[in-house]
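The primary structure of each chain is shown beneath.
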Amino acid sequence: PVISGQPEGASVYPDDVVILRVTAEGANLSFQWRREGADLPGENGPLLMFAASLAIPRARYEVVVTNPGGSVTSLPAWVFVSQRPQTITLDLPALVVAAGSGVRLTATASSGLPVSVTLVSGAASLAGNVLTSQGGDVMVRATQAGNATYAPADPVQRTIRFLVGSLAPYLTVR
């Protein structure tokens, strides 16, 4: 047999479907896929299809093609599995607010996993997702640590200024 199309490796995320394909020429062909040199039972066609898993984050696959004239082994196809990336969005109603008012913080992760918001600096209190201060700059940080499927998100920080006095110093009332 002659391999005319080698299987191609891939970089994928958990639960992605991986399809490795070989094209071979010759009569009465049989196929046997291997992972790390060990036969994969029942995987004896020109296609190998499986769901990616972090349990096997990196592996070498090849296929042995056989017919009455002999056998040939494909070049290796490497499959790399890594955690999915995620991002955090931290929405604030305003960056400058009146001292003493409560600011509702809305933090979400693109993964749908829960986000933690913590007070980094400034004289303030954070109760649930409501931030309150009597004045000054307050910095908060949103984090998401990831899980088996998602990598940790880059933290997001925001500063909110709580102003004492009027927010509209040039407002004229007639």
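Cut-offs and rules
- Here the residue numbering is sequential within each chain, running from 1 through the sequence in written order.
- Thresholds applied to this predicted model are a pLDDT of at least 70 for local features of residues and 80 or more for the giving and counting of side-chain atom pairs; totals over whole chains, interfaces and linings are not thresholded and use all residues.
- Calculated side-chain values reflect all of the structure's heavy atoms, with hydrogen atoms and water omitted.
- Accessible area is worked out with a 1.4 Å probe on protein chains only. A residue is then buried under 20% of its type maximum, exposed over 50%, and partly exposed in between.
- Strands are runs of DSSP state E lasting at least two residues, helices are runs of H or I lasting at least four, and both sets are numbered from the N terminus onward.
- Strand pairing is assigned whenever DSSP detects at least two bridges linking the two strands.
- Take a side-chain nitrogen of Lys or Arg and a carboxyl oxygen of Asp or Glu: if they are within 4 Å of each other, that pair is a salt bridge.
- Contacts were defined at the residue level, with two residues in contact if any of their heavy atoms lie within 4.5 Å.
- For helices, the fitted axis covers only the stretch in contact; all axes are lines through C-alpha atoms, and the angles between them, taken along N-to-C directions, range from 0 to 180 degrees.

Caption draft 1: Spatial organisation of the pairing of strand β10 (residues 77–81). Residues Ala 77, Val 79 and Val 81 point to one face of β10 and are all buried, whereas Trp 78 and Phe 80, pointing to the other face, are not buried. Examined bridge by bridge, strand β2 (residues 10–12) and β10 share three bridges and lie parallel to one another. Bridge pairing in β10 places Ala 10 opposite Val 79. Sheet topology note: the strand β8 (residues 58–67)/β10 ladder contains four bridges and is antiparallel. Among the inter-strand pairings, Ala 59 is bridged to a residue of β10, identified as Val 79.

Caption draft 2: Quick peek at the pattern of salt bridges. This model, assessed by the stated rule, comprises five salt bridges. For Asp 39, the salt bridge identified is with Arg 34, shortest N-O distance 3.3 Å. Judged by its relative accessible area of 47%, Asp 39 is partly exposed. On the accessibility criterion, Arg 34 (27% relative accessible area) is partly exposed. Two residues, Arg 60 and Glu 36, come together in a salt bridge whose shortest N-O distance is 3.5 Å. In this pair, Arg 60 is assigned in strand β8 and Glu 36 in the loop between β5 (30–35) and β6 (38–39), connecting sequence segments 24 residues apart.

Caption draft 3: Just the environment of Leu 113, in detail. Along the chain, the position of Leu 113 falls in the loop between β14 (106–109) and β15 (116–121). Residues Leu 113 and Tyr 150 lie 37 residues apart in sequence; the distance between their C-alpha atoms is 8.9 Å. Not counting chain neighbours up to four residues away, the residues in contact with Leu 113 comprise Gln 86, Gln 144, Gly 146, Asn 147 and Tyr 150.

Caption draft 4: The sheet that holds strand β13 (residues 102–104), seen in detail. One open sheet accounts for three strands, arranged β13-β17-β16; its pairing is antiparallel. Pairing within the sheet leaves two strands with one partner each, and these edge strands are β13 and β16 (125–127). The mean angle between the axes of side-by-side strands here comes to 25 degrees, regardless of whether they run parallel or antiparallel. Where β13 meets strand β17 (residues 130–132), three bridges bridge the pair, whose relative direction is antiparallel.

No statement about biological role is implied by the geometric values presented.
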